[in-house]
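Results of the structural survey
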Amino acid sequence: MPGAFSDVYVERSALEHSRTGMILSRLNGKTPPAIHEINSYKDVFYRSSHNTINNSIDICTGTGNNAAPDRSGHGINGGTLILARKKDHYIFRGSPVCQDFDEKHFYYASSAMNCIYDCEYCYLKGMYPSAHIVIYVNPEDTFDEIDGMLNQHPMYVCISYDTDLPALEGITGLVRDWAEFALSRRELRIECRTKCARTDLWDELPVNENFILAFTLSPTEIADRYEHRAPSLSARLVSIEKAIAAGHPVRLCFDPVIHTKDWEEIYAAMIDEVRTGLDLSEVRDISIGTFRISQNYLRRMRRNMPDSPPVNFPFETENGVCVYPDYLRNKMTDFMIRRLSEIVPGERIYT
């Protein structure tokens, strides 16, 4: 991604790490970024600034939020990158808001914070104080902690909740490292969730039945309106087809399902497009989930995006989580299950 970032801040503790050197070398294009040394990523990431994820300045383009999205799902420009060493909290318990796919020991790991895509409904907009992207250069310390935990029980670990790791793979190499780490650990199952439309990466990764590529799919109308700079549905389907052809286990994630005018027609058309574009008998499983988000995160998002329809829906609150009313949530979920069950066995559909 040469030219992707205008400024790179590097923690002093991360300066000598080999991944830091690799990332900086990959960012050296015609206009190399300015490099700054800092004591801690927090000095920049949590610094009060106009350059936040919800503000009028966009970290990827330097333009307003209404800038035309990059539908290719690749390059970004003009942002701020922070390279840091993760020092603690390597593994977290999976949130009850997230699907666990019937896995008893459900965890997630954070290799990076924030995403190059700008989806209006993304919980990261309410979770983090800025839009700067933080990459942790030392995944080996997380691997060590996982190895210790594997001595006690199997693990299901999601690695791409706080970012889109495949979209950053061109500079980080983290997806490959996670995939290679998982190869020799039979008791470890990993999910890597993405909207990335790369078609070259899947041939480069080792194939492992316990390393699941989980692709989030949205109707074209939803992607065009609310998933700024993310790839189009058609581009994602091409990427999924390549991943399946390479032999990787693939999960399709219709999550979150967003309520909008004519949502039934919109999602029905999407399912038809998916059915036409993919051999669904080759898909490992499917997940369905309607939009839900922490009440605290939503409060911040509404403050910064008062005109965003998916954020300002009149949700109900259940145990601190904002959700669609029961009747609507059930109607949307039942609709998706019914339509997908026509083409995929019900036991492969999770809600």
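First things first, this report covers the structure right here in the doc. This one's a predicted model, so the numbers in the text were calculated from it and none came from an experiment.

Conventions used here
- Residues numbered from 1 in each chain as written.
- Predicted model: local features only at pLDDT ≥ 70, side-chain atom pairs only at ≥ 80, totals over all residues.
- Heavy atoms only, no water.
- Helix = DSSP H or I, 4+ residues; strand = E, 2+ residues; numbered from the N terminus.
- Buried < 20%, exposed > 50% of the residue type's maximum accessible area, 1.4 Å probe, protein only.
- Contact = heavy atoms within 4.5 Å.
- Phe/Tyr/Trp six-rings, centres within 6.5 Å; stacked < 30°, edge-to-face > 60°.
- Core = buried A, V, L, I, M, F, W, Y, C linked by side-chain atoms within 4.5 Å.
- Salt bridge = Lys/Arg side-chain N within 4 Å of Asp/Glu carboxyl O.
- Arc of directions from axis to C-beta.
- Pairing = 2+ DSSP bridges.
- Axes fitted to C-alpha atoms, helices over the stretch in contact; angles between N-to-C directions.
- Parallel < 35°, antiparallel > 145°, perpendicular 65-115°, else oblique.
- Left-handed = near helix turned anticlockwise from the far one by under 90°.
- Nonpolar A, V, L, I, M, F, W, Y, C, P; charged D, E, K, R; others polar.

Before going further, it helps to spend a moment on the overall build of the protein. A count of helices and strands for the protein gives 12 helices and 18 strands. With respect to the principal axes defined by its C-alpha atoms, the protein has extents near 55 × 45 × 40 Å. Looking at the 351 residues of the protein, the share that counts as buried comes to 55%. The long-range fraction of contacts in the protein, counting pairs at least 24 apart against all pairs at least 6 apart in sequence, stands at 77%.

Attention now goes to the packing of aromatic side chains. Scanning all chains against the criterion turns up 19 aromatic pairs. Look at F45 and Y46: their rings are 5.1 Å apart centre to centre, the planes differ by 90°, and that puts the pair in the edge-to-face class. Take F45: its relative accessible area is 0%, and that puts it in the buried class. Since its relative accessible area comes to 45%, Y46 is described here as partly exposed. Considering the side-chain rings of W263 and F335, the 5.3 Å spacing of their centres and the 85° angle between planes classify their relative orientation as edge-to-face. Of this pair, W263 sits in helix 10 (residues 263-277) while F335 sits in helix 12 (residues 326-341), and the two are 72 residues apart along the sequence. Summarising the burial analysis for this pair, W263 and F335 share the class buried. By way of ring pairs, the aromatic residues Y41, F45, Y46, Y128 and Y136 are connected into one cluster.

Glancing now at the nonpolar core. Counting residues in hydrophobic clusters, the biggest one holds 104 residues, and the most contacted among them are L81, W178, F211, L252, Y267 and M336. The element contributing the most residues to this core is helix 10, with seven residues. Sequence-distant contacts of L81, defined by excluding residues within four places in its chain, comprise F5, D7, V8, Y9, I23, L27, I133, I135 and I171. By size, the runner-up hydrophobic cluster in this structure holds six residues, among which are F101, F106, C158 and Y161.

Attention shifts here to the pattern of salt bridges. Tallied over the entire structure, the rule returns 21 salt bridges. Taking the shortest distance from any N to any O, the salt bridge between E204 and R176 comes out at 3.8 Å. Taken together, the residues span a long stretch of sequence, with E204 in helix 7 (residues 201-204) and R176 in helix 6 (residues 174-183) at a distance of 28 residues. Residue E204 is classed as partly exposed on the basis of its relative accessible area, which comes to 38%. Looking at R176, the relative accessible area reads 31%, which means it is partly exposed. With its nearest N and O atoms 2.5 Å apart, the salt bridge here joins R236 to E227. Taking relative accessible area as the criterion, E227 reaches 0% and is therefore assigned buried. Connected through shared salt-bridge partners, E191, R193, R251, D255, R284, D285 and R292 make up one network.

The complete set of buried residues in helix 6 reads L174, V175, W178, A179, F181 and A182. Looking straight down helix 6, one finds that the buried residues subtend no more than 160° of arc, so they occupy a single side.

Quick look at unusual backbone geometry now. A cis amide bond links D255 with the next residue in sequence, P256, at an omega value of 5°. You can see P256 is positioned in strand 13 (residues 250-257). The phi dihedral of D262 falls on the positive side, at around 60°, and the residue is not glycine. Not every positive phi belongs to a glycine, and N319 is a case in point at roughly 55°. Mapped onto the fold, N319 is located in the loop between strand 16 (316-318) and strand 17 (321-323). Taking relative accessible area as the criterion, N319 reaches 83% and is therefore assigned exposed.

Let us look at the sheet that holds strand 8 (residues 133-136). Strands pair in a sheet through their backbones, by hydrogen bonds, and they do so in one of two ways: parallel or antiparallel. Ordered by their spatial adjacency, five strands build an open sheet running 2-1-3-8-6, and the pairing between neighbours is mixed. Looking at the sheet topology across the chains shown, the edges are occupied by strand 2 (34-38) and strand 6 (112-113). Of the pairings in the sheet, the one linking strand 1 (residues 5-11) to strand 2 comprises five bridges and is parallel in character. Across the sheet, Y9 pairs through a bridge with H36, a residue of strand 2. Sitting on the sheet, helix 1 (residues 18-26) is in contact with strand 1, strand 2, strand 3 (79-84) and strand 8, with an inclination near 160° to strand 3.

Below, the discussion takes up the packing of helix 4 (residues 139-150) against helix 6. Axis angle and axis distance: for two packed helices, these are the angle between their axes and the distance between the axes, and together they describe the pair. Remark: helix 4 packs on helix 6, axes separated minimally by 11 Å, with the N-to-C direction vectors making an angle of 25°. Compared by their axis directions, helix 4 and helix 6 come out roughly parallel. Crossing handedness for the pair helix 4 and helix 6: right-handed. Together, P139, T142, F143, I146 and D147 of helix 4 and L174, D177, W178 and F181 of helix 6 make up the contact between the two elements. Residues of the contact of helix 4 with helix 6, tallied by class, amount to six nonpolar, one polar and two charged.

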